[in-house]
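If you want the building blocks of each chain, they are given just below.
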Amino acid sequence: MLNAIEVILICLVAQAAVTDLAMRKIPNVLILSGLLLAMILHLLGGQHWAPLSQWLAGTLAGFFLFLPLYLLRAMAAGDVKLMAMVGAFVGPLAALQIGVLAYLIGGVMAVLMLLCSGRWRESWRNVVLICKPLMWRLLGLPLAPVPLTSIASVGGIPYGVAIALGTGGFVAWAHR
């Protein structure tokens, strides 16, 4: 049977996924209310250090897990904040597991979206354009720094859906 934290978390990530699909945004009010609810539930849970060991550590784990993709412009800020909120509910270890699951689901979604849209060749060209200078440098060839040309994105992924599916899968797996 699901506990209160899991029920509220599933409702929040489901709402985030629906909003991400409909508007391609995850509202800050959803994230902030989720963070506040997680803090209240951890305080009411009775464990003396839960707000620090679970809420704060989980928030930071979820945030820093997706931050590199945001810095590489491969993910939106709302997705990073959503993963931080998920971490606030479940704690740092579970946030890591949900994040890995979300990465895998997001990768499958990306491949399916590229194949369905027919833009996989453009995507491959972008990957080669980005990785070629790195590969030359790894092989030891000195290269003068050259700014990357602006490349056209081949589409965005509603990563809130991947996070919601990863969270739901994690909770379902925990109750099998």
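The structure this text deals with has already been given above.
Trainee: Would you take a moment to explain the overall build of the chain for this structure?
Mentor: Looking only at helices and strands, one finds seven helices and zero strands in the chain. Seen in sequence order, the chain has helices and strands lined up from the N terminus as α-α-α-α-α-α-α. With the principal axes as the frame, the chain shows a C-alpha extent of 60 × 35 × 30 Å. The buried share among the 176 residues of the chain stands at 34%. Intrachain contacts of the chain at a sequence separation of at least 6 include 74% that bridge at least 24 residues. Here the chain has roughly 10,900 Å² of accessible surface; of this, 73% comes from carbon and sulfur atoms. Of the charged side chains in the chain, 10 are positive and 4 negative; the average position of the first set lies 12 Å away from that of the second.

Trainee: Just checking my understanding: could you explain a nonpolar patch on the surface for this structure?
Mentor: Residues Trp49, Leu52, Leu56, Leu60 and Phe64 make up a contiguous nonpolar surface patch of roughly 530 Å² in combined accessible area. Looking at the element boundaries, Leu60 is found in helix α3 (residues 50-71). Relative accessible area serves as the criterion here: at 42%, Leu60 is assigned to the partly exposed category.

Trainee: Explain helix α4 (residues 77-90) here, please?
Mentor: Along an α-helix, a turn takes 3.6 residues, which lines up residues three or four apart on a common side. Between its first and last C-alpha atoms α4 spans 20 Å; for 14 residues at 1.5 Å apiece the expected length is 20 Å, and the two agree. The buried fraction of α4 amounts to twelve of the 14 residues, a majority that puts the element mostly inside the structure. Those residues of α4 lying buried are Gly78, Asp79, Val80, Leu82, Met83, Ala84, Met85, Val86, Gly87, Ala88, Phe89 and Val90. In the segment just after α4, Gly91 is the residue with positive phi, at about 95 degrees.

Trainee: I tried to follow the packing of aromatic side chains on my own but got confused; where do I start?
Mentor: How two aromatic rings sit relative to each other is given by the distance of their centres and the angle of their planes. Within the structure shown, the criterion is met by three aromatic pairs. Centroid distance Phe63 to Phe64: 5.1 Å. Interplanar angle 80 degrees. Geometry classified as edge-to-face. Note on Phe66 and Tyr103: the rings are 4.8 Å apart at their centroids and 40 degrees apart in plane angle, and the pair reads as tilted. Remark: Tyr103 occurs in helix α5 (residues 92-117) and Phe66 occurs in helix α3; sequence separation between them is 37 residues.

Trainee: For this particular structure, what's the right way to read the pattern of salt bridges?
Mentor: When the charged atoms of two side chains with opposite charge come close together, those side chains can pair. Here the structure, examined in full by the defined rule, presents one salt bridge. Arg119 is the partner of Glu122 in a salt bridge, and the nearest nitrogen-oxygen pair spans 2.9 Å. The partly exposed category is assigned to Glu122, whose relative accessible area is 31%. Overall, the relative accessible area of 28% leaves Arg119 in the partly exposed class.

Trainee: What's the story with the packing of α4 against helix α7 (residues 159-174) in this structure? I'm lost.
Mentor: Packed helix pairs are specified by the crossing angle of their axes together with the interaxial distance, meaning the distance between the axes. Here α4 crosses α7 at 15 degrees, and the two axes come no closer than 9 Å. Between α4 and α7, the angle is such that the two are roughly parallel. Crossing angle aside, the handedness with which α4 passes α7 is right-handed. Contacts between α4 and α7 involve Asp79, Leu82, Met83 and Val86 on the former and, on the latter, Tyr159, Gly160, Ile163 and Thr167. Split by residue class, the contact of α4 with α7 holds five nonpolar, two polar and one charged.

Analysis parameters
Residues numbered from 1 in each chain as written. Predicted model: local features only at pLDDT ≥ 70, side-chain atom pairs only at ≥ 80, totals over all residues. Heavy atoms only, no water. Helix = DSSP H or I, 4+ residues; strand = E, 2+ residues; numbered from the N terminus. Buried < 20%, exposed > 50% of the residue type's maximum accessible area, 1.4 Å probe, protein only. Contact = heavy atoms within 4.5 Å. Areas by Shrake-Rupley, 256 points an atom, 1.4 Å probe, with all protein chains shown as cover. Lys, Arg positive; Asp, Glu negative; His and termini not counted. Charge placed at Lys NZ, Arg CZ, Asp CG, Glu CD. Patch = residues over 30% accessible without salt bridge, like charges linked within 9 Å, V, L, I, M, F, W, Y side chains within 5 Å. Salt bridge = Lys/Arg side-chain N within 4 Å of Asp/Glu carboxyl O. Expected span 1.5 Å × (residues − 1). Phe/Tyr/Trp six-rings, centres within 6.5 Å; stacked < 30°, edge-to-face > 60°. Axes fitted to C-alpha atoms, helices over the stretch in contact; angles between N-to-C directions. Parallel < 35°, antiparallel > 145°, perpendicular 65-115°, else oblique. Left-handed = near helix turned anticlockwise from the far one by under 90°. Nonpolar A, V, L, I, M, F, W, Y, C, P; charged D, E, K, R; others polar.

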